[in-house]
Amino acid sequence: MKPVPLWVDCDPGIDDVLALMYLCGRRDVEWIGISTVHGNVDATRGATNALVALETARGPSVPVLIGVDRPLVHWSPVAEDEHGRNGLGDVVVVAPRQRPTAGLGPVQLARAAAARPGELVVLALGPLTNLAVALLIDPDLPRNVRELYIMGGAVHVPGNTTPAAEFNIWHDPEAAHVVLSAPWAATLVSLDVTEQALLEGEYWNALEAAQGAKARLAALMLARWVEARRIRTGRAAAGLHDPVAAAIALAPTLAEYETTPVRVDVSQGPDRGRTSAAPDSLGFPVRCATRLDRERFLADFMTQITSP
Ligand code: BDR
Ligand code: CA
């Protein structure tokens, strides 16, 4: 199978690190670049954490570029409560050997896509600020990119940051509006599907028992999420939002979809960041994942993360 030329834009973050380590194990990826954005942590910390993920997974040498370090219009705070002060659930790790590559993330993303028109797959795992800026730099970006996969939104389910909104969209709704209004071949991987594949029970036990470096880091980081959800809901489990989006980007048959324009609420009220299906609007259609093959995803994720 021909490897997928992949650019990952992310805000590492616990599950971003999981997604990057998961992707490092896949042989069907041709790494083009990684850019980081303000979200779970600031963009510089995010770049360090992306390098931690690559080095822990003994992944390939990929350029990691720091991107935009604030939302487009209104300020939003980073997510220390969820991801810890270091973005790794406060797990102490060895500093990465490599440094971020010079250049601004969205500029290099636009250049990389223009250099190979119609080839790149872009996977967005954080707020959409870098993608909005890349679009402003190069309006041809949606045509140059083959496919865009976005982890974000909560279309038919409640949000996880407010009752209306999911974190990535809530953090920078104006950027999400810009991106979701552009003519990409875009797929939205929202909480509607990521919440269908919680890591729990036998899978959590297997991860805790595994000895490889990726599995050790994953289990240490996820322990706080498992405990937090147990206290909140009585269910000892962790969401794998960004890994689900990564897996769907490489294997779209993992999910079922509805295709509809998506409206982003950019008001300052309680609906800020809400993502709604808007089938009657004139917006560009977005393929929204609605159902996930949970067992297939979890089996694949566990294989990659627990491999030595
Ligand atoms: C998303 O928000 C972030 O906290 C996670 O990294 C994920 O990308 C889930 O709502
Ligand atoms: Ca993320």
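Cut-offs and rules
- Residues numbered from 1 in each chain as written.
- Chains lettered and ligands numbered in written order.
- Predicted model: local features only at pLDDT ≥ 70, side-chain atom pairs only at ≥ 80, totals over all residues.
- Heavy atoms only, no water.
- Pairing = 2+ DSSP bridges.
- Helix = DSSP H or I, 4+ residues; strand = E, 2+ residues; numbered from the N terminus.
- Near = heavy atom within 4 Å.
- Polar contact = N/O pair within 3.5 Å; in protein donor to acceptor, adjacent residues only side chain to side chain.
- Areas by Shrake-Rupley, 256 points an atom, 1.4 Å probe, with all protein chains shown as cover.
- 1 Å grid on protein atoms, 1.4 Å probe; cavity = no way out; pocket = protein on both sides within 12 Å on 5 of 7 lines; lining within 4 Å.
- Sits in = over half its atoms within 2 Å of the grid points.
- Nonpolar A, V, L, I, M, F, W, Y, C, P; charged D, E, K, R; others polar.
- Points joined across faces, edges and corners; volume = space filled by probe spheres on them.
- Donors = N, O, S within 2.8 Å, 3.2 Å for Na, K, Ca; no water.
- Buried < 20%, exposed > 50% of the residue type's maximum accessible area, 1.4 Å probe, protein only.
- Salt bridge = Lys/Arg side-chain N within 4 Å of Asp/Glu carboxyl O.

Caption draft 1: Expanded view of the pairing of strand E12 (residues 286-292). When strand E6 (residues 186-189) meets E12, the two strands line up parallel, connected through 2 bridges. Counterpart to Leu188 in the pairing with E12 is Cys288. Sheet topology places strand E9 (residues 255-260) next to E12; 6 bridges connect them, and they run antiparallel. Across the sheet, Thr260 pairs through a bridge with Val286, a residue of E12.

Caption draft 2: Representation of the site of ligand 1 in the model. Inspection of the region around ligand 1 gives Asp15, Asp16, Asn40, His83, Leu125, Met151, Asn160, Glu166, Phe167, Asn168, His241 and Asp242 as its neighbouring residues. Separating an oxygen atom of ligand 1 from a side-chain N or O atom of Asp15 is a distance of 2.5 Å. Within the side chain of His83, an N or O atom sits 3.0 Å from an oxygen atom of ligand 1. Burial of ligand 1 by the protein amounts to 96% of the accessible area it has alone, namely 280 Å². More than half of the atoms belonging to ligand 1 lie within 2 Å of the grid points that define the largest pocket. Mapped by element, the contributors of at least two residues to the shell around ligand 1 are helix H1 (14-24), helix H7 (167-171) and helix H12 (241-250). Looking at the shell around ligand 1 residue by residue, the classes come out as 3 nonpolar, 5 polar and 4 charged.

Caption draft 3: View of the layout of surface pockets. Each pocket or cavity is described by its volume, and for the largest pocket that value is around 690 Å³. For the largest pocket, the lining is made up of 35 residues, of which Glu82, Asn160, Thr161, Trp225 and His241 are closest to its centre. For the lining of the largest pocket, the secondary structure elements donating two or more residues are H1, helix H3 (80-83), H7, helix H9 (191-194), helix H11 (213-233), strand E8 (237-238) and H12. In terms of residues, the lining of the largest pocket owes the most to one element, H11, which gives 5 residues. When its residues are assigned to classes, the lining of the largest pocket shows 14 nonpolar, 8 polar and 13 charged. Here the second largest pocket is characterised by a volume of approximately 240 Å³.

Caption draft 4: Local environment of the coordination of the calcium ion (ligand 2). Around the calcium ion (ligand 2), the donor atoms from the protein are Asp11 (OD), Asp16 (OD), Asp16 (OD), Leu125 (O) and Asp242 (OD), and they sit 2.3 to 2.5 Å away. Coordination of the calcium ion (ligand 2) draws on donor residues from a single chain, spaced D-x4-D-x108-L-x116-D in sequence. Of this pair, Asp11 sits in the loop between strand E1 (4-10) and H1 while Asp242 is found in helix H12, placing the two residues 231 residues apart along the sequence. The burial state of Asp11 is the same as that of Asp242; both residues are buried.

Caption draft 5: Examining the pattern of salt bridges more closely. Evaluation of the coordinates by the stated rule reveals 13 salt bridges. The residue Glu30 makes a salt bridge to Arg116 at a minimum N-O spacing of 2.8 Å. With a gap of 86 residues between them, Glu30 in strand E2 (residues 29-36) and Arg116 in the loop between helix H4 (105-115) and strand E4 (120-124) connect regions that are remote in the sequence. Note on Arg116: relative accessible area 24%, which makes it partly exposed. Measuring nitrogen to oxygen at the nearest pair gives 2.7 Å for the salt bridge that ties Glu200 to Arg235. In this pair, Glu200 is assigned in strand E7 (residues 199-200) and Arg235 in the loop between H11 and E8, connecting sequence segments 35 residues apart. Its relative accessible area of 42% is what places Arg235 among the partly exposed residues.

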